[in-house]
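Structural overview for review
As a plain string of letters, each chain reads:
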Amino acid sequence: MRIAIISDVHANLEAFQSVLTDIETVGVDKIFCLGDTIGYGPDPEASVTLLRERAIPSVIGNHEKAVIDFRFLRGFNPVARESLQKTIKMLSEDTLRFLGGLDTSIVAHGCRFVHGFPLDSPMTYLFQVSEAKLHRTFAKMPERCCFVGHTHLLECVEWDGDIAVTSELTRRTYRLNPDRGYIINVGSVGQPRDGDNNAKYSILDTDENCLEVRFVPYDIAAVAEKIIARGLPKSHALRLW
Ligand code: ZN
């Protein structure tokens, strides 16, 4: 079975559409989304609508949490908060209700899907987690593989039952060891922070036991222009480049 994992679309409709087209070209059986479909970008309503039209199961991200419960806004830096306050005004009641109904984790096909960190945190960043916490988490996680987003970086933590080794991922196919545990960060579709301006997503092949990291070009200029035209923080447009 081939499973595409997307995360952190961040209202970047052009990047989202380009990734979906790429997924159609290479062919998968299922797509899962790790949350943060909104925030930063100019098309939050259209991005969530597309997610729903394609019936892509999604967990909740910290940006979704902030628009349905304003107490979570306090956890954001001032620029991200400004963008979220504008985002809230761009969302329909129906979309807000949909986002409020998202779960913190999904378990399917022997994998776990969560926005931040297993077992089910939308808030914890992978880079914040101590070695000891990694060990405890792998020891209690029933699934062999957990997919996360949230940091917008491409990373893999491999656990052999004793030691957890973290490495960066790049555009290639990786063979996974069936006897090891993994926490895999698939990076971001719509707001990459890994030093490369393509949209990122990954495909897990459960029969071949491999993970393919894919980079997808999209029309960055169109999105950057829309961010500025809609009065969202200019830094979120510049960052796309
Ligand atoms: Zn995010």
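Attention here is on the structure that accompanies the text. Small disclaimer: the values here were computed from a predicted structure and weren't measured.

Before going further, it helps to spend a moment on unusual backbone geometry. Across the junction of Pro118 and Leu119, the peptide omega takes the value 10°, indicating a cis bond. Locating Leu119 in the fold gives a position in the loop between β4 (111-114) and α6 (131-140). With a phi angle near 50°, Asp8 is a residue other than glycine that sits in the positive phi range. Tracing the chain through its elements places Asp8 in the loop between β1 (2-6) and α1 (13-26).

On to the packing of α1 against helix α2 (residues 44-53). Relative orientation of the contacting elements α1 and α2 amounts to 20°, with a least axis distance of 9 Å. Judged on the interaxial angle alone, α2 and α1 are roughly parallel. Side by side, α1 and α2 meet where Leu13, Phe16, Gln17 and Leu20 of the first sit next to Ala46, Ser47, Leu50 and Leu51 of the second. Tallied by class, residues from the contact of α1 with α2 come to six nonpolar, two polar and no charged.

It is worth spelling out the nonpolar core at this point. Core analysis: the largest hydrophobic core is formed by 27 residues, its most contacted members being Ile6, Phe16, Val19, Ile23 and Tyr201. The set of elements that each furnish at least two residues to this core consists of β1, α1, β2 (30-33), α2, β10 (199-205) and α7 (220-229). When residues in this core are grouped by element, the largest group, six residues, is from α1. Phe16 has contacts with Ile6, Val9, Ser47, Leu50, Leu51, Ile56 and Val189, leaving out every residue within four places of it along the chain.

Time to look at the environment of Asn77. Following the sequence through the fold, Asn77 ends up in the loop between α3 (62-68) and α4 (78-90). Under the relative-accessibility criterion, Asn77 is labelled partly exposed at 47%. Polar side-chain contacts of Asn77 include one of 3.1 Å to the backbone nitrogen of Val79.

With that settled, the discussion passes to the environment of Gly75. By secondary structure assignment, the location of Gly75 is in the loop between α3 and α4. Separated by 127 residues in sequence, Gly75 and Ser202 have C-alpha atoms that sit 28 Å apart.

The next subject is the packing of α2 against helix α5 (residues 93-100). For the pair α2 and α5, interaxial distance at closest approach is 11 Å and the crossing angle is 60°. With respect to α5, the element α2 is oriented oblique. Considering only the axes of α2 and α5, their crossing is left-handed. Between α2 and α5, the contacting residues are Glu45, Val48, Leu51 and Arg52 on the first element and Asp94, Thr95, Phe98 and Leu99 on the second.

An order of β2-β1-β10-β11-β8 is seen for the five strands of this open sheet, with the pairing classed as mixed. Edge positions in the sheet fall to β2 and β8 (173-175), since each of these pairs with one other strand and no more. Strand-to-strand twist in this sheet, taken as the mean axis angle between neighbours without regard to direction, amounts to 20°. The sheet contact formed by β1 and β10 spans four bridges and is antiparallel.

Once that is clear, we can look at the coordination of the zinc ion. Every protein donor of the zinc ion is accounted for by Asp8 (OD), His10 (NE2), Asp36 (OD) and His152 (NE2), and the metal-donor separations fall at 2.0 to 2.4 Å. Around the zinc ion, the four donor atoms are arranged such that angles at the metal cover 84 to 175°; this shape is classified as irregular. Here the donor residues of the zinc ion are spaced in sequence according to D-x1-H-x25-D-x115-H. Of this pair, Asp8 sits in the loop between β1 and α1 while Asp36 sits in the loop between β2 and α2, and the two are 28 residues apart along the sequence. Relative accessible area serves as the criterion here: at 0%, Asp8 is assigned to the buried category. In this structure Asp36 comes out as buried when scored by relative accessible area, which is 1%.

Cut-off values and rules
- Residues numbered from 1 in each chain as written.
- Predicted model: local features only at pLDDT ≥ 70, side-chain atom pairs only at ≥ 80, totals over all residues.
- Heavy atoms only, no water.
- Helix = DSSP H or I, 4+ residues; strand = E, 2+ residues; numbered from the N terminus.
- Axes fitted to C-alpha atoms, helices over the stretch in contact; angles between N-to-C directions.
- Parallel < 35°, antiparallel > 145°, perpendicular 65-115°, else oblique.
- Contact = heavy atoms within 4.5 Å.
- Nonpolar A, V, L, I, M, F, W, Y, C, P; charged D, E, K, R; others polar.
- Core = buried A, V, L, I, M, F, W, Y, C linked by side-chain atoms within 4.5 Å.
- Buried < 20%, exposed > 50% of the residue type's maximum accessible area, 1.4 Å probe, protein only.
- Polar contact = N/O pair within 3.5 Å; in protein donor to acceptor, adjacent residues only side chain to side chain.
- Left-handed = near helix turned anticlockwise from the far one by under 90°.
- Pairing = 2+ DSSP bridges.
- Donors = N, O, S within 2.8 Å, 3.2 Å for Na, K, Ca; no water.
- Tetrahedral: all angles 85-135°; square planar, octahedral: opposite > 155°, others 65-115°.

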